[in-house]
Amino acid sequence: MALVVICGQPSSGKSTAALCLAEALKESESKQTIRIIDEATFHLDRNQSYANMPAEKNLRGVLRSEVDRSLSKENIIIVDSLNSIKGYRYELWCLARAAGIRYCVVYCDVEETHCRKWNEERMNKGEASYDDKIFEDLARRFERPDRRNRWDSPLFELWPCKDGIEKSSAALLDAVSYLTKKVDSKTQDVRILQPTIATQSARFSEANSLYELDRATQEVVSAIVEAQSLAMGGPLNGISLGQGLPTVNISKPVVLPELRRLRRTFIKLTGQTSLSGPPPPTDAESAKRMFLDYLNRELGAL
C-alpha cells in the first residue's frame, strides 16, 4: 500500500521517528500490516556497514532488495536507514512506482552539531553509535531532501531538537493521514504512483534481480576456482554446481582474472536486455543457469 523512507543525518532520531510512525499507523483505522526495514533486520553493525564504500554499497543493496521483496498493496513498509543519497532515494521511489503504491519521505531535520552531540552521548552510554570518523564522513556526504524532487515528495519534516519526536507529532500525523486516506475519483491530495513499462523493466537493474545476479555469478566463479584447485591443473569435465544446473567442461585451466572478465561481461549483457528480448533472471537458480550456459559457450571457444 505504501513505502515510507525515513531520512536524516546520522544520530538524528530516525529510528525513533520510524517507531513512532509505526505506532501511530497501528492506532489508525488502517488495517494494513506495518513493517520497519533497517540494518538491525539483518543484524548489521552500523560502523562495519559504513566503514568503506563497498560495504556501504552492499548495505544499500541488501536493504533495497528486502524492500522490493516486501512491497505489496497489503502492507506499509518503513525504511529506517540514513537514505542520505538522493540517487538511492530515487531508486526506492522507482520501486514504489513499479509496485503501484503510495510513497513519502519523513525527514528528521537536525543540525549537524546536535547530531554529533547525541552520537557522543550514545557512545558514552554504550548504545549503538557511529565512530567519530564514520560520523564525520556520513554527515559530510548527506544530501538534504528537496520536496521539488518527485522522489522526495511528499515530504514530512520533523524537528527533533526543537519539538522532540512523538507519535502525536504534527508531521507524523500528517504522514499517517496521507498514508491511510481512502482514495476515490475526487481525491487530489494523495498520489498513488503508477507503474510504467520503463519502470517494470528497470526493476531488474535497480532491485532484487541485480543483487541475485551478482551473488549467483560470484558463487559460480568461486566453485570453478575451487574445483580447479582440487584438480591440480588437470582437465575438468562436468563440474556440477547443483541439481538441475548445467555442468561446466573446462579443457584447460582458466585463471581467475579471465573468469572475472567473463562474469563482468555476462552481467553487462544481461543488464542490457531489451523489452523485446528474454526476461532477465529474477532468482539465483535462473541466474546460475544462464551464467553457466554463457560460460560453456565462451570457454568452449577458448
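Note that the coordinates shown come from a computational prediction; the quantities given were computed from them, not determined experimentally.

### With respect to the overall build of the chain
- When its secondary structure is counted, the chain shows twelve helices and seven strands.
- Here the chain holds 302 residues, and 45% of them are scored as buried.
- Of the contacts made within the chain by residues no fewer than 6 positions apart, 77% connect residues no fewer than 24 positions apart.
- Total accessible area on the chain stands at roughly 15800 Å², and carbon and sulfur atoms take up 49% of it.

### Focus: the confidence of the model for the chain
- Chain-level statistics for the chain give a pLDDT mean of 85 and a share of 86% at 70 or above.
- Throughout residues 197-206 the model reports pLDDT below 50, and contacts reaching past four residues in sequence, or to other chains, amount to 21 contacts.

### Topic: unusual backbone geometry
- In this model, Ser153 is joined to Pro154 through a cis peptide bond whose omega is -5 degrees.
- Among the secondary structure elements, Pro154 is positioned in the loop between helix H6 (132-141) and strand S5 (155-158).
- For Ser11, which is not glycine, the phi torsion reads 60 degrees and is therefore positive.
- Position of Ser11 among the secondary structure elements: in the loop between strand S1 (2-8) and helix H1 (14-27).
- The class for Ser11 is buried, based on a relative accessible area of 3%.
- Although it is not a glycine, His43 adopts a positive phi angle of roughly 55 degrees.
- Tracing the backbone through its elements, the reader meets His43 in the loop between strand S2 (33-38) and helix H2 (46-49).

### Examining the packing of helix H3 (residues 53-70) against helix H4 (residues 86-99)
- Packing of H3 against H4 leaves a shortest axis separation of 10 Å and a crossing angle of 15 degrees. Classed by the angle they form, the pair H3 and H4 counts as roughly parallel. Pair H3 / H4 crosses with right-handed handedness. Counted together, Arg60, Leu63, Arg64, Val67 and Asp68 of H3 and Tyr88, Glu91, Leu92 and Leu95 of H4 form the full contact between these two elements.
- Here the contact of H3 with H4 is composed, by residue class, of five nonpolar, no polar and four charged.

### A closer look at empty space enclosed by the protein
- Following the criterion strictly, the structure yields two cavities of 30 Å³ or more and no others.
- Its boundaries defined by the atoms lining it, the largest cavity holds a volume of some 90 Å³.
- Looking at the largest cavity, the residues that line it are Tyr50, Glu56, Leu59, Arg60, Leu63, Ser81, Leu82, Asn83, Ser84, Ile85, Tyr88 and Leu138.
- Counting residues per element, the lining of the largest cavity draws most heavily on H3, at four residues.
- Class assignment for the residues of the lining of the largest cavity results in seven nonpolar, three polar and two charged.

### Comments concerning the sheet that holds strand S3 (residues 75-80)
- The strand order across the open sheet formed by five strands is S2-S3-S1-S4-S5, and the pairing between neighbours is parallel. With one partner strand each, in any of the chains shown, S2 and S5 form the two edges of the open sheet. Ignoring strand direction, the axes of neighbouring strands in this sheet form an average angle of 20 degrees.
- In the packing of H1 onto the sheet, contacts are made with S1, S2, S3, strand S4 (102-108) and S5, and the angle to S3 comes to roughly 165 degrees.
- Contacts between H3 and the sheet are confined to S1, S2 and S3, with S2 contributing the most and set at about 165 degrees to the helix.

### Describing the packing of helix H5 (residues 112-124) against H6
- Running from N to C, H5 and H6 cross one another at 155 degrees; their axes reach a closest spacing of 11 Å. When the axis of H5 is compared with that of H6, the two are roughly antiparallel. In this structure, H5 crosses over H6, and the sense of that crossing is right-handed. Seen from H5, the contacting residues are Glu112, Cys115, Arg116, Asn119 and Met123; seen from H6, they are Asp132, Phe135, Glu136 and Ala139.
- Partitioning the contact of H5 with H6 into residue classes produces four nonpolar, one polar and four charged.

### Description of the packing of aromatic side chains
- Scanning all chains against the criterion turns up seven aromatic pairs.
- Consider the rings of Phe266 and Tyr294, whose centres lie 5.5 Å apart with planes at 40 degrees: the pair is tilted. Pair noted here: Phe266 is in helix H11 (residues 256-271) and Tyr294 is in helix H12 (residues 284-300), with a separation of 28 residues, a long-range link. Pair check on accessibility: Phe266 and Tyr294 agree, each one buried.
- A network of ring pairs unites the aromatic residues Tyr90, Trp93 and Trp151 as a single cluster.
- The ring of Tyr130 carries Arg46 above its face, with NZ or CZ at 4.8 Å from the centroid.
- Its guanidinium or amino end placed over the ring of Trp159, Lys162 lies 5.3 Å from that ring's centre, counting from NZ or CZ.

### Quick word on the side chain of Arg89
- The residue Arg89 is located in helix H4 in this model.
- The exposure class of Arg89 is buried, given its relative accessible area of 0%.
- Within the structure, the side chain of Arg89 is placed 2.8 Å from the side chain of Asp152, a separation counted as a polar contact.
- If near-sequence neighbours (up to four positions away) are discounted, Arg89 is found in contact with Val5, Cys7, Asn83, Ser84, Tyr103, Glu143, Arg144, Pro145, Trp151 and Asp152.

Reading the values: rules and limits
- Residues numbered from 1 in each chain as written.
- Predicted model: local features only at pLDDT ≥ 70, side-chain atom pairs only at ≥ 80, totals over all residues.
- Heavy atoms only, no water.
- Helix = DSSP H or I, 4+ residues; strand = E, 2+ residues; numbered from the N terminus.
- Buried < 20%, exposed > 50% of the residue type's maximum accessible area, 1.4 Å probe, protein only.
- Contact = heavy atoms within 4.5 Å.
- Areas by Shrake-Rupley, 256 points an atom, 1.4 Å probe, with all protein chains shown as cover.
- pLDDT = per-residue confidence, 0-100.
- Axes fitted to C-alpha atoms, helices over the stretch in contact; angles between N-to-C directions.
- Parallel < 35°, antiparallel > 145°, perpendicular 65-115°, else oblique.
- Left-handed = near helix turned anticlockwise from the far one by under 90°.
- Nonpolar A, V, L, I, M, F, W, Y, C, P; charged D, E, K, R; others polar.
- 1 Å grid on protein atoms, 1.4 Å probe; cavity = no way out; pocket = protein on both sides within 12 Å on 5 of 7 lines; lining within 4 Å.
- Points joined across faces, edges and corners; volume = space filled by probe spheres on them.
- Pairing = 2+ DSSP bridges.
- Phe/Tyr/Trp six-rings, centres within 6.5 Å; stacked < 30°, edge-to-face > 60°.
- Lys NZ or Arg CZ within 6 Å of the ring centre and 35° of its normal.
- Polar contact = N/O pair within 3.5 Å; in protein donor to acceptor, adjacent residues only side chain to side chain.

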